[in-house]
Every structure is written in structure tokens, then in C-alpha cells.
Amino acid sequence: MTSDLARRALAEFVGTAFLVAAVVGSGIAAVRLSPHDVGLQLLENSVITGGALVALILALQPVSAAFNPVVTLVERALGAVSTTHAAALIVAQLAGGFLGTVVANLMFDLDAVNVSTHHRAGSGVLLGEVVATLGLLVVIFGTARAGRSHRVAYAVGGYILAAYWFTSSTSFANPAVTVSRMFSNTFAGIAPSSVAAFVAMQLLGGLLGYVLVRALYPTARAVASEVALQA
């Protein structure tokens, strides 16, 4: 592994760890602070997640700030990163997400790993994951195509905050985050039996996003290269 790839993998590991810690940790805190109001719990969870995304992308964008295997796979499909680089970054994202869950659980005096029993299923919920992931890709690559890569952090954070509310699945839109949330039986958790379907829909959303990005932006490869360099 080259020093550049090692730095990028480390950035993806750290960024995904903090992102998942924010998602899981804020979910736990929301339930404890607002035990009888699910709507308020979701509001608290979504605002913290959106804010954390903005901060993490701004901080790590100079190195690598995808934090999402679907984004990395689309970058690979567009030729912005090599297969070796994509594989290393995805492994780092998955490992970082797991660490983030463990740390969040421990911070709130829970077992380091407690498998979720929160089943998330249904055709509407699964469609929500396709929509959430597709929209995320359009936001990322569209913002970059407009020559506003320095604003990707705000666009992504704002989109995810909104998608918590307008999608039936509360917008996981990220396989690394989805797998990691399986290890916390809390507000943000997802049961193992629900994970495969969620990830499959995210990959489908990623495929549709790739097709749409290619259709909307003829210079998609150049855009993806800019995103990969900035993220």
C-alpha cells in the first residue's frame, strides 16, 4: 500500500468511525432526553447526523471523505479510482463504522456490541433506500459538476438531514453505516435480518445514480476525479 493510499484509507476509517458514532450516539441520547416523543428523537438524530457530516467532510476532504462504499464504487465505475484503491477504502469504511458503533455504545454505558432487534422491512422502506442513495449521488456529483466542490459538505449534510424525513427508511443510504448499525440495539439500530435487503437497495440506488450521473454530466469521469481528489 502506497503512502497516499494509506493516508486516504486512514481518513476514510476515521471519518466513517466518527460519522457512525454520531448517528448511533445521538440516537441513544435522543431517546434518553426525549423518551416519549419519537418525532423529536428523529429530529435530534437527523440534525446531529447532518451537522457531523458537514464537519467531517470539511475536515477530511483534503485527504478523502467519501465515508460510503456506494460513493467509492461509483467513483471506481467512472474511472476516478483504481480497483485496488476502491477496495482498500471500502474496507477502511467498514472497519471504521464498526469502531464507531462500539465507541458510541461504550460512551453511553452499553455493551460494546449488542446486536439490534429493530426490524426494518417493507416495500416502501426498501424503496426509500433506493431513493435516498440515488439522491445522495446526484447531490455529490452535481455539486462537483457545478464547480462547487468546496460546498459538497454542506450539500451532503443538508441532503441527509432532509432525507431522514422525506424517505420512509430514514435514509441510511450507506452500506458501511448500515452494517455498523446492526451492532447497536438502540434507536439507530437495524436487525441483521434487515441488513442484506437494505444494502441491496443501496447498491441498486448506486447503479441508478451512476446511470443518471452519466446521463446528466457528459464529463462524469472528470467530475468523479474531482470528487475523488476532494473526497
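**Q** How do you make sense of the environment of Ser-168 when you look at a structure like this?
**A** Turning to its location among the elements, Ser-168 is positioned in the loop between α6 (152-166) and α7 (175-181). By relative accessible area, which is 47% here, Ser-168 ends up partly exposed. Sequence spacing of Ser-168 and Gly-128 is 40 residues, and the spatial spacing of their C-alpha atoms is 5.3 Å. Residues contacting Ser-168, with those up to four places away along its chain left out, are Gly-124, Val-125 and Gly-128. A polar contact of 2.6 Å, which involves the side chain of Ser-168, links it to the backbone oxygen of Gly-124. One polar contact links the side chain of Ser-168 to the main-chain amide nitrogen of Val-125, over a distance of 3.5 Å.

**Q** Mind showing me how you'd approach the nonpolar core here?
**A** Looking at soluble globular proteins, one finds that nonpolar side chains tend to be buried together. Formed by 38 residues in total, the largest nonpolar core has its most connected members in Phe-67 and Val-156. For this core, the secondary structure elements donating two or more residues are α1 (3-33), α2 (38-60), α3 (69-77), α5 (123-145) and α6. A per-element tally of this core places α6 first, with 7 residues. Of all hydrophobic cores here, the second largest spans 7 residues; its members include Val-125, Met-182, Ile-190 and Val-195.

**Q** Honestly, the packing of α5 against helix α8 (residues 192-216) in this entry has me stumped. Any pointers?
**A** Packed helix pairs are specified by the crossing angle of their axes together with the interaxial distance, meaning the distance between the axes. Running from N to C, α5 and α8 point in directions that differ by 40°, and their axes come no closer than 7 Å. Here α5 is positioned oblique relative to α8, judged by the angle of their axes. Both α5 and α8 take part in a crossing whose hand is right-handed. Packed against α5, whose contacting residues are Val-125, Leu-126, Glu-129, Val-130, Thr-133, Leu-134, Leu-137, Val-138 and Phe-141, the element α8 presents Ala-197, Phe-198, Met-201, Gln-202, Leu-204, Gly-205, Gly-206, Leu-208, Gly-209, Tyr-210, Leu-212 and Val-213 at the interface. Here the residues of the contact of α5 with α8 sort into 15 nonpolar, 5 polar and 1 charged.

Procedures and definitions
What you see as residue numbers is a count from 1 along each chain, following the sequence as written. The predicted origin of the model limits local features to residues at a pLDDT of at least 70 and limits the giving and counting of side-chain atom pairs to 80 or more, whereas totals for whole chains, interfaces and linings rest on all residues. Note that the side-chain values use all heavy atoms of the structure and ignore hydrogens as well as water. A helix here means a DSSP run of H or I that spans at least four residues, while a strand means a run of E at least two residues long, and both kinds are numbered starting from the N terminus. Summary of the burial criterion: residues with accessible area below 20% of their type's maximum are buried, those above 50% are exposed, and those between are partly exposed, where the area comes from a 1.4 Å probe applied to protein chains only. A contact between two residues is defined here by any heavy atoms of the two lying within 4.5 Å. For this analysis, a polar contact is any N or O atom pair within 3.5 Å, provided that within protein one partner can donate a hydrogen and the other can accept it, and provided that sequence-adjacent residues contribute only side-chain to side-chain pairs. In these notes, a set of buried Ala, Val, Leu, Ile, Met, Phe, Trp, Tyr and Cys residues joined through side-chain atoms within 4.5 Å is what counts as a nonpolar core. Lines fitted to the C-alpha atoms define the axes, with helices restricted to the stretch that makes contact. Angles between their N-to-C directions range from 0 to 180 degrees. Should an angle fall under 35 degrees it is taken as roughly parallel, and over 145 as roughly antiparallel, whereas 65 to 115 is taken as roughly perpendicular and any remaining angle as oblique. Two helices cross in a left-handed way if the nearer one is turned anticlockwise from the farther one by less than a right angle. They cross in a right-handed way if the turn is clockwise. Each residue receives one of three labels: charged for Asp, Glu, Lys and Arg, nonpolar for Ala, Val, Leu, Ile, Met, Phe, Trp, Tyr, Cys and Pro, and polar for the others, Gly being one of them.

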